[in-house]
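Reading the structure
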Amino acid sequence: MPEAPKNSRKSNDVSSVAEENKKTLHFIEDVTTKADEVQKRVLAEILSRNANVEYLQRHGLKNGYTDRETFKKVMPVITYEDIQADINRIANGDKSPIFCSQPISEFLTSSGTSGGERKLMPTTEEELGRRSMLYSLLMPVMSQFVPDLEKGKGMYFLFIKSEAKTPGGLLARPVLTSYYKSPHFKNRRPDPYTNYTSPNETIFCPDSYQSMYSQMLCGLCQNAEVLRVGAVFASGFIRAIRFLEKHWALLCHDIRTGTVNTELITDQSVREAVMKILKPDPKLADFIEAECGKKSWQGIITRLWPNTKYVDVIVTGTMSQYIPTLDYYSNGLPLVCTMYASSECYFGVNLNPLCKPADVSYTLIPTMCYFEFLPIHRNNGVIDSVSASKSLNEKEQQKLVDLVDVKIGQEYELVVTTYAGLYRYRVGDGLRVAGFKNNAPQFNFICRKNVVLSIDSDKTDEVDLQNAMKNAVSHLMPFDAHVTEYTSYADTTTTIPGHYVLFWEINVNGSTPVPPSVFEDCCLTIEESLNSVYRQGRASDKSIGPLEIRVVEVGTFDKLMDYAISLGASINQYKTPRCVKFAPIIELLNSRVMSNYISPKCPKWIPGHKQWNNMN
């Protein structure tokens, strides 16, 4: 099997960088040309390594069978719920080889949820190396389109999130927190492509305010050296710019005096790291004050960091809602989506990074895992198979196709078999084949299973929302009031961070008006009822703003139906959408708002799963 290039760079000289880039691009060319051969070997390697594990034995894959035909015949296509009992065994301390012959080193917590709690994805030490390998492909690809990136720095806003321990003692934490805290990131060798303005200490600071302040301070101090800016998600980068909008006077004072505000930055390791970079610079402080003090913040990124060539953030899927705001702040700089990854596995890279966000496609790297694809069928434009969590019957399982057999224009749900022990696992992502790089397909990301609302890494589906609504409306019963219709949307423009908005049409039969405090209780009850990823975003990460209920005039949802019918919807098939994104519909709803209410406090959240905390 072709091996990924190892980073043997001994210096940052131009010839060394060019040689390493050449090796990396050759590797991509090689594995995409031999895609099917590589996939066969990947599956055989996974199955031979794990031949004696309980899960494979249980499903009848005995005697070390490693061929595709036998694997597909005996192994079921699964969802998280199918293996949750086994995952709980590992979480509770079972060290027997259930999924994988290698020891499970930790759990990666997925932003998707099961039963309101984060999914736990088992992983191994070896997987860190595989994820690091995919990162190593990104900049050599980028260097083909944007020259001389090795001559400056990247200003990236990177953060760790809370982690917990399972009852069996394994860490459970988000995949990026795992990567940032790993030796692969902490002890990375000198490399011009991983030369960031943020010292490690600022990234590892658990206090999100101190981390953001110190990273922004370091980014401003080194503004002339910055050639690229970004964060993981578009929402995170916009949050950083809005943070600057609020705190630029304090930051300028620190730059002018060459001191760190000790009341704001109490973490000593962060202060020490920042002081190695910070020097008194009244001229720079005057420049930043002049730019930030202007009435308009349009183009503020190119004004403060004039050498910036692109913004590196995820703007596919639900993050596309942030594109207009990014364009405004960056003066239309290229928005680059470099890679496609999840907690289950890292998948692929964007080989045409300067394309428009709507055209982003990811080339799946055949060495990362064994890929299969379940064809998606649409019913009146609505995706069927991705939204269905039911088990597939034998006929449906036979429809899965291999990596090289997908068809251009067809949509599929991604199914993976990983080195860490997931077998024929439905990731839940809908993808459309956009083309091929040699024999490896390139996919547009279409959607995530069931998601109707998302601000940051949260994913709320229609069932979650409906259940939360049921809990909330009980507060209205003493006033003989009830919600006759509702819908929702993710407001990412009027507040930063963005927040969920629910439009309620209410019928009040009682004589006593519903007090504002009751509606506020409804807001909080909805938040308390949503999944742990949402509650963490509200209570800990501060990446989601307080939920809002907007009460609309009676008859508003009739107007909404009339509008939908005027656009061609069938009156017989029309049903109220539980989430709206179309701007004219949001305008219609907002034009009929009579009152609005905000959640009065953050919902309860603590790290770890509820059942673990109940055991303590």
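See the structure shown above.
Residues numbered from 1 in each chain as written. Predicted model: local features only at pLDDT ≥ 70, side-chain atom pairs only at ≥ 80, totals over all residues. Heavy atoms only, no water.

Here we take up the sheet that holds strand β7 (residues 310–314). Judged by pairing direction, the sheet is parallel, and its four strands sit side by side in the order β3-β6-β7-β8 without closing on themselves. Looking along the sheet, the strands with just one partner apiece sit at the ends: β3 (153–157) and β8 (335–336). Relative to strand β6 (residues 226–233), β3 is paired through five bridges, and the arrangement is parallel. Among the inter-strand pairings, Phe 157 is bridged to a residue of β6, identified as Ala 231. (Pairing = 2+ DSSP bridges. Helix = DSSP H or I, 4+ residues; strand = E, 2+ residues; numbered from the N terminus.)

For the rest of this paragraph, the subject is empty space enclosed by the protein. Under the counting rule described, the total for this entry stands at five cavities of 30 Å³ or more. Its volume calculated, the largest cavity comes out at about 140 Å³. Along its surface, the largest cavity is lined by 16 residues, and Thr 109, Arg 118, Gln 536, Trp 605 and Gly 608 are the ones closest to its centre. Mapped by element, the contributors of at least two residues to the lining of the largest cavity are β2 (117–123) and α19 (532–539). Per-class residue counts for the lining of the largest cavity are seven nonpolar, six polar and three charged. Along the walls of the second largest cavity sit Leu 108, Met 121, Pro 122, Thr 123, Glu 127, Arg 131, Ser 342, Ser 343, Glu 344, Cys 345, Thr 418 and Ala 420, which together make up its complete lining. Elements that contribute at least two residues to the lining of the second largest cavity include exactly β2 and α6 (125–143). For the lining of the second largest cavity, the element with the highest residue contribution is β2, accounting for three residues. (1 Å grid on protein atoms, 1.4 Å probe; cavity = no way out; pocket = protein on both sides within 12 Å on 5 of 7 lines; lining within 4 Å. Points joined across faces, edges and corners; volume = space filled by probe spheres on them. Nonpolar A, V, L, I, M, F, W, Y, C, P; charged D, E, K, R; others polar.)

For the rest of this paragraph, the subject is the packing of aromatic side chains. This model, assessed by the stated rule, comprises 25 aromatic pairs. Each ring, one from Tyr 213 and one from Phe 243, has its centre 6.4 Å from the other, and the planes form 80°; the classification is edge-to-face. One end of the pair, Tyr 213, is in helix α10 (residues 208–221); the other, Phe 243, is in helix α11 (residues 234–257), with 30 residues separating them in the sequence. In textbook terms, an aromatic cluster arises when at least three aromatic residues are bridged by ring pairs, as seen for Tyr 340, Phe 347, Tyr 362, Phe 371, Phe 373, Tyr 412, Phe 443 and Phe 445. The ring of Phe 185 has Arg 188 lying over it, and the distance from NZ or CZ to the ring centre is 4.1 Å. (Phe/Tyr/Trp six-rings, centres within 6.5 Å; stacked < 30°, edge-to-face > 60°. Lys NZ or Arg CZ within 6 Å of the ring centre and 35° of its normal.)

Before going further, it helps to spend a moment on the side chain of Asn 200. Summarising the element assignment, Asn 200 is placed in helix α9 (residues 200–204). The contacts of Asn 200, once residues within four sequence positions are left out, are Phe 185, Lys 186 and Arg 188. (Contact = heavy atoms within 4.5 Å.)

Both trends apply: most residues other than glycine have a negative phi, and most peptide bonds are in trans. That bond from Ile 496 to Pro 497 is cis: its omega, 0°, falls within 30 degrees of zero. Summarising the element assignment, Pro 497 is placed in the loop between β21 (481–491) and β22 (499–508). Non-glycine residue Lys 542 carries a positive phi angle of around 55°. Relative to the helices and strands, Lys 542 resides in the loop between α19 and β23 (548–552).

This part covers the pattern of salt bridges. On inspection of all chains with the given rule, the structure shows 38 salt bridges. The shortest N-O distance in the salt bridge between Asp 402 and Arg 68 comes to 3.6 Å. One end of the pair, Asp 402, is in strand β15 (residues 401–402); the other, Arg 68, is in helix α4 (residues 68–74), and 334 residues separate them in sequence. This pair shows no difference in class: Asp 402 is buried, exactly as Arg 68 is. Residue Asp 456 pairs with Arg 239 through a salt bridge whose shortest N-O separation is 3.7 Å. With Asp 456 in the loop between β19 (451–453) and β20 (460–461) and Arg 239 in helix α11, the pair connects residues that are 217 residues apart, well separated along the chain. (Salt bridge = Lys/Arg side-chain N within 4 Å of Asp/Glu carboxyl O. Buried < 20%, exposed > 50% of the residue type's maximum accessible area, 1.4 Å probe, protein only.)

Looking now at helix α13 (residues 282–292). What α13 keeps buried is the set Leu 284, Ala 285, Ile 288, Glu 291 and Cys 292. Summarising the axial view, the buried residues of α13 lie within an arc of 135°, below the 170-degree limit, and thus occupy one face. If you follow the buried residues of α13, they end up packed against α10, α11 and α14 (300–304). (Arc of directions from axis to C-beta.)

To continue, consider the packing of α11 against helix α15 (residues 323–330). The angle between the axes and the distance between the axes are what describe a pair of packed helices. Contact geometry for α11 and α15: axes closest at 10 Å, N-to-C directions at 45°. Viewed along their axes, α11 and α15 adopt a mutual orientation that is oblique. The hand of the α11/α15 crossing is left-handed. Contact residues: α11 offers Ala 234, Phe 237, Ile 238, Ile 241, Arg 242 and Glu 245, while α15 offers Thr 325, Leu 326 and Tyr 329. Looking at side-chain class alone, the contact of α11 with α15 contains six nonpolar, one polar and two charged residues. (Axes fitted to C-alpha atoms, helices over the stretch in contact; angles between N-to-C directions. Parallel < 35°, antiparallel > 145°, perpendicular 65-115°, else oblique. Left-handed = near helix turned anticlockwise from the far one by under 90°.)

Time to look at the sheet that holds strand β9 (residues 339–341). An order of β9-β10-β11-β18-β17-β16-β12-β15 is seen for the eight strands of this open sheet, with the pairing classed as antiparallel. A strand with exactly one partner marks an edge of an open sheet, and here the two such strands are β9 and β15. As paired elements, β9 and strand β10 (residues 346–349) share three bridges and run antiparallel to each other. Each bridged residue has a counterpart across the sheet, and for Ala 341 the counterpart in β10 is Tyr 346. The sheet strands contacting α6 are β9 and β10, and the helix crosses β10 at an angle near 10°.

Burial runs high along β7: four of the five residues are buried. Bridge count between β6 and β7: four bridges; the pairing is parallel. The residue bridging Gly 230 from the neighbouring strand is Asp 312, located in β7. Sheet analysis places β7 next to β8, joined by two bridges and oriented parallel. Considered in β8, the bridge of Asp 312 is made with Val 336. Tracing the backbone out of β7, into α15 and back to the parallel element β8 gives a crossover that is right-handed. (Right-handed = clockwise from strand over helix to strand, strands pointing away.)

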